[in-house]
Amino acid sequence: SIKITEQSKILFNITENESFDLLFTELRSVYPKSVKRITGGVRPLHNDLARCKKLYKQIITGPSFAINLDLHQKILLCVQKYYRDHLKDNKQEFMQLLATFLQQRTWEQYLEDVSNIQELPKDTRNYDAI
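From a predicted model like this one, the values you see are computed outputs, not experimental measurements.

Undergrad: Any chance you could explain the overall build of the protein chain here in plain terms?
TA: Counting its regular elements, the protein chain contains six helices and two strands. Beginning at the N terminus, the succession of helices and strands in the protein chain can be written as α-α-β-β-α-α-α-α. Long-range pairs, those at least 24 residues apart, make up 73% of the contacts in the protein chain between residues at least 6 apart in sequence. When the accessible surface of the protein chain is totalled, it reaches about 7800 Å², and 53% of it is carbon and sulfur.

If you want it as structure tokens, here you go:
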């Protein structure tokens, strides 16, 4: 889990945009990059990254324009739950593109399920659903 304190921002001269970039990179590292197709080959899930970045910034900053780290952590947990549900039901081919996942706010369906989990498990990060 990445937590940047105000002291470290000053020490390392990290701007708000750089801080957001770290969080977006973490989201991308948790969301599967691709899934197998039933017909063969792979389907990439990380497309239109500029749109994804804009959507994610709107989600975790909200109207206050301050980054909500708690919401970021909850979304990462929601991504993992979403992935596990699709893996368990053998429906990983039907996973949404990252842009669709953010646009349709699919992560909100899993907020209640992950609400009492405090920390992202380190051993469950995946880079491909293949």
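Undergrad: Looking at this structure, I do not really get the side chain of His-72. What am I missing?
TA: By the element assignment, His-72 lies in helix H4 (residues 69–88). With a relative accessible area of 0%, His-72 lands in the buried category. When near neighbours in sequence (up to four residues on either side) are disregarded, His-72 contacts Leu-23, Glu-26, Leu-27, Tyr-56 and Ile-60.

Undergrad: Just to check I follow, could you spell out helix H3 (residues 49–61) for this structure?
TA: Quick reminder: α-helices carry 3.6 residues per turn. Residues three or four places apart thus point the same way. For H3, with 13 residues, the first-to-last C-alpha span of 18 Å sits near the 18 Å given by 1.5 Å per residue. Where H3 is concerned, the buried positions are Cys-52, Leu-55, Tyr-56, Ile-59, Ile-60 and Thr-61. Gly-62 occupies a position one or two residues after H3 and carries a positive phi of about 65°.

Undergrad: What should I look at first to understand H4 in this one?
TA: Relative to the 28 Å expected for 20 residues at 1.5 Å per residue, H4 spans 29 Å between its end C-alpha atoms, a close match to the ideal helical length. Following H4 by one or two positions, Asn-90 has its phi on the positive side, about 55°.

Undergrad: What's the story with the pattern of salt bridges in this structure? I'm lost.
TA: Here the idea is simple: oppositely charged side chains can pair when their charged atoms come close. One pass over the structure, following the stated rule, counts three salt bridges. Here Asp-21 and Lys-53 are joined by a salt bridge, their closest N and O atoms 2.9 Å apart. Here Lys-53 lies in helix H3 and Asp-21 lies in helix H2 (residues 16–30), a separation of 32 residues in the sequence. On the basis of relative accessibility, which here comes to 30%, the residue Asp-21 falls in the partly exposed class. Between Asp-85 and Lys-81 there is a salt bridge, with its nearest N and O atoms 3.0 Å apart. One end of the pair, Asp-85, and the other, Lys-81, are both in helix H4, four residues apart, so they sit about a helical turn from each other. You can call Lys-81 partly exposed: its relative accessible area is 24%.

Undergrad: Would you mind going over the packing of aromatic side chains with me for this structure?
TA: Describing an aromatic ring pair means giving the distance of the ring centres and the angle of the ring planes. For the structure on display, the rule yields seven aromatic pairs. Consider the rings of Phe-24 and Tyr-56, whose centres lie 6.4 Å apart with planes at 45°: the pair is tilted. Residue Phe-24 is found in helix H2, and its partner Tyr-56 is found in helix H3; the two are separated by 32 residues along the sequence. Accessibility assignment for this pair places Phe-24 and Tyr-56 in one class, buried.

Undergrad: Just to check I follow, could you spell out the nonpolar core for this structure?
TA: The nonpolar side chains of a soluble globular protein tend to be buried, and buried together. Ranked by internal contacts, the top residues of the largest apolar core, which has 30 residues, are Leu-27, Tyr-31, Tyr-56, Ile-60, Ile-75 and Leu-102. Of all the secondary-structure elements, those providing two or more residues to this core are H2, H3, H4 and helix H5 (98–103). Looking at this core element by element, the count peaks at eight residues for H4.

Undergrad: Sorry, what's going on with the packing of H3 against H4 here?
TA: When two helices pack together, their arrangement is captured by the angle between the axes and the distance separating the axes. Look at H3 against H4: their axes get within 8 Å of each other, and the N-to-C directions meet at 125°. Taken together, the axes of H3 and H4 are oblique relative to one another. From H3, Tyr-56, Ile-59 and Ile-60 reach across to H4, where they touch Leu-71, His-72 and Ile-75. When the residues that make up the contact of H3 with H4 are grouped by side-chain class, the tally is five nonpolar, one polar and no charged.

So, how was this worked out
- Residues numbered from 1 in each chain as written.
- Predicted model: local features only at pLDDT ≥ 70, side-chain atom pairs only at ≥ 80, totals over all residues.
- Heavy atoms only, no water.
- Helix = DSSP H or I, 4+ residues; strand = E, 2+ residues; numbered from the N terminus.
- Contact = heavy atoms within 4.5 Å.
- Areas by Shrake-Rupley, 256 points an atom, 1.4 Å probe, with all protein chains shown as cover.
- Buried < 20%, exposed > 50% of the residue type's maximum accessible area, 1.4 Å probe, protein only.
- Expected span 1.5 Å × (residues − 1).
- Salt bridge = Lys/Arg side-chain N within 4 Å of Asp/Glu carboxyl O.
- Phe/Tyr/Trp six-rings, centres within 6.5 Å; stacked < 30°, edge-to-face > 60°.
- Core = buried A, V, L, I, M, F, W, Y, C linked by side-chain atoms within 4.5 Å.
- Axes fitted to C-alpha atoms, helices over the stretch in contact; angles between N-to-C directions.
- Parallel < 35°, antiparallel > 145°, perpendicular 65-115°, else oblique.
- Nonpolar A, V, L, I, M, F, W, Y, C, P; charged D, E, K, R; others polar.

Purely geometric stuff here, so don't read any function into it on its own.
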